[in-house]
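Here is how the chains run, residue by residue.
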Amino acid sequence: MKREAGLDLIRVVGVLFVVSIHHFLYNGFYYQVQTGWLMWAADSFRWLFFCCNGLFMMLTGYLKSPKPFTKGYYKSLIPLLVSYVLCCAIIFPLQHLLLTEKLPFSEWMNKLFGFGNYAWYVEMYIGLILFSPLINLGLGQIKSEKGLCAIAVILFCMTALPGVTPINFVPDYWTSLYPVTYYVLGAVIRRLQPRVKPRQGLGGAMAVCMILGLISILTADKGFSTGYTQGYGGFWPTLTALLVFLGLYRVNIGERAGKALAWLAGGCYEGFMLSLIPDLWAYGLLKQWHTPEKWPLLYLCVTIPIFIVSLLAGKAVHTLSGKLVSLLPGFRQQDQPKYKTKSGSC
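Analysis parameters
- Residues numbered from 1 in each chain as written.
- Predicted model: local features only at pLDDT ≥ 70, side-chain atom pairs only at ≥ 80, totals over all residues.
- Heavy atoms only, no water.
- Helix = DSSP H or I, 4+ residues; strand = E, 2+ residues; numbered from the N terminus.
- Expected span 1.5 Å × (residues − 1).
- Buried < 20%, exposed > 50% of the residue type's maximum accessible area, 1.4 Å probe, protein only.
- Contact = heavy atoms within 4.5 Å.
- Salt bridge = Lys/Arg side-chain N within 4 Å of Asp/Glu carboxyl O.
- Core = buried A, V, L, I, M, F, W, Y, C linked by side-chain atoms within 4.5 Å.
- Polar contact = N/O pair within 3.5 Å; in protein donor to acceptor, adjacent residues only side chain to side chain.

## Observations regarding helix α2 (residues 37-49)
For step 1, the next point in the chain: Taking 1.5 Å as the rise per residue, α2 with 13 residues should run 18 Å; its terminal C-alpha atoms sit 19 Å apart, in good agreement.
For step 2, the next point in the chain: Turning to α2, its buried residues number three or more, namely Met39, Ala42, Asp43, Ser44, Arg46, Trp47, Leu48 and Phe49.
For step 3, the next point in the chain: For α2, the elements touching its buried residues are α1 (5-26), α3 (52-64), α9 (198-219), α10 (235-248) and α14 (295-326).

## A look at the pattern of salt bridges
For step 1, the next point in the chain: Applying the stated rule across the entire model yields three salt bridges.
For step 2, the next point in the chain: Across the pair Asp8 and Arg11 runs a salt bridge, and its minimum N-O distance is 2.7 Å. A residue pair is termed a helical-turn pair when its members lie 3 or 4 positions apart in one helix, as Asp8 and Arg11 do in helix α1 at three residues.
For step 3, the next point in the chain: On the basis of relative accessible area, Asp8 is assigned to the buried category, the value being 0%.
For step 4, the next point in the chain: Note that Lys111 and Glu101 form a salt bridge whose closest N and O atoms lie 4.0 Å from each other. Here the residue Lys111 occupies a position in helix α5 (residues 105-113), and Glu101 occupies one in the loop between α4 (77-97) and α5, the gap between them amounting to ten residues.

## Structural notes on α10
For step 1, the next point in the chain: Here α10 is 14 residues long and its end C-alpha atoms lie 20 Å apart, about the 20 Å a rise of 1.5 Å per residue gives.
For step 2, the next point in the chain: Within α10, ten of the 14 residues are buried, leaving the element largely enclosed by the surrounding structure.
For step 3, the next point in the chain: For α10, the complete set of buried residues consists of Phe235, Pro237, Thr238, Thr240, Ala241, Val244, Phe245, Leu246, Gly247 and Leu248.
For step 4, the next point in the chain: Those residues of α10 that are buried lie in contact with α1, α2, α3, α7 (145-159), α8 (178-192) and α9.

## Things to note about the nonpolar core
For step 1, the next point in the chain: Within the largest apolar cluster, 97 residues are counted, with the highest numbers of intra-cluster contacts made by Leu55, Tyr84, Val122 and Phe245.
For step 2, the next point in the chain: Looking at this core, the element that brings in the most residues is α1, giving twelve residues.
For step 3, the next point in the chain: Those residues within four positions of Leu55 in sequence are excluded, and the remaining contacts are Ile10, Gly14, Phe17, Ala241, Val244 and Phe245.

## With respect to the environment of His23
For step 1, the next point in the chain: In this structure, His23 sits in helix α1.
For step 2, the next point in the chain: The class of His23 is buried, set by a relative accessible area of 3%.
For step 3, the next point in the chain: Between the C-alpha atom of His23 and that of Ser225, which follows or precedes it by 202 residues, the distance is 16 Å.
For step 4, the next point in the chain: Setting aside residues no more than four positions away along its own chain, His23 makes contact with Tyr283, Trp295, Leu298, Tyr299 and Thr303.

## Examining the environment of Ser83
For step 1, the next point in the chain: Mapping Ser83 onto the fold places it in helix α4.
For step 2, the next point in the chain: A residue is classified by how much of its surface remains accessible, and Ser83, at 2% relative accessible area, is buried.
For step 3, the next point in the chain: With 79 residues separating them in the primary sequence, Ser83 and Pro162 have C-alpha atoms 36 Å apart.
For step 4, the next point in the chain: Excluding residues that lie within four positions of it along the chain, Ser83 makes contacts with Tyr269, Glu270, Val317 and Ser321.
For step 5, the next point in the chain: A distance of 2.7 Å separates a polar atom in the side chain of Ser83 from a polar atom in the side chain of Glu270.

Rendered as structure tokens:
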């Protein structure tokens, strides 16, 4: 299988968006009064970065949907869990020693097995993978393009549309199935291979987020959370993630840049996990920059370095995890997929 550069770009951009959404979590953004041009710009970028998890869920559907359900289908969870344990083995001591988070051993074990800190996504991903063969089986029975689009639209209406309309098509608890919606969207994109130019997808996403930023300003009483907001499965985050994904997944990148992206993309999951430590440490050092006027400087001097360091550290942990997994029965060190310079399906 040839490696698609656009998918690696989505992985790296996804981690950048994750680190960037944490920038808003730690810089005092949610406590600022929503007024002025600076807050409008901040709100717009916050909406854009908020599509981060949706990108990864769609990527899962894109990559996992064609795979047959065999006895080795769930083997992909083993490297994930090994990397998770390795990341926890790094994070917990640093939290204890560097951040002086003094907890008894039982609490650290609760964090490990309870998927604490940033690991909520790992727990969700495991459930999505366990459920995915049923989704794949259902989608495999649909041969027409119209049928695939209809399923995607139905799921979108069930999980995303209730956030923008007073009409409830189904009970509210169905909205918690939003990971399935993202998965199906990725699977449908894999099957149909729609062509969207990067400037159209990314420009459309940014335009949506600028409008949402204005709505946030106009509806907030004080802080951001008092205005118009949505969760990861909401209509606007889903639409934004879809536009970004469509704008990037077929992008054509030079061979050297593509190989660099492929190398970095290997550590995205681990980098996301490890970013917790620099997040908790670095933002606390520069509290005087926790004002709207200083946020751009904080982003360039703190958030971007956190992204780079986390990605490189994640690549190191990913490499170690791969070596450990290759020692397990039934696993071997996989060859790097050949790089693909032209856009298209795998």
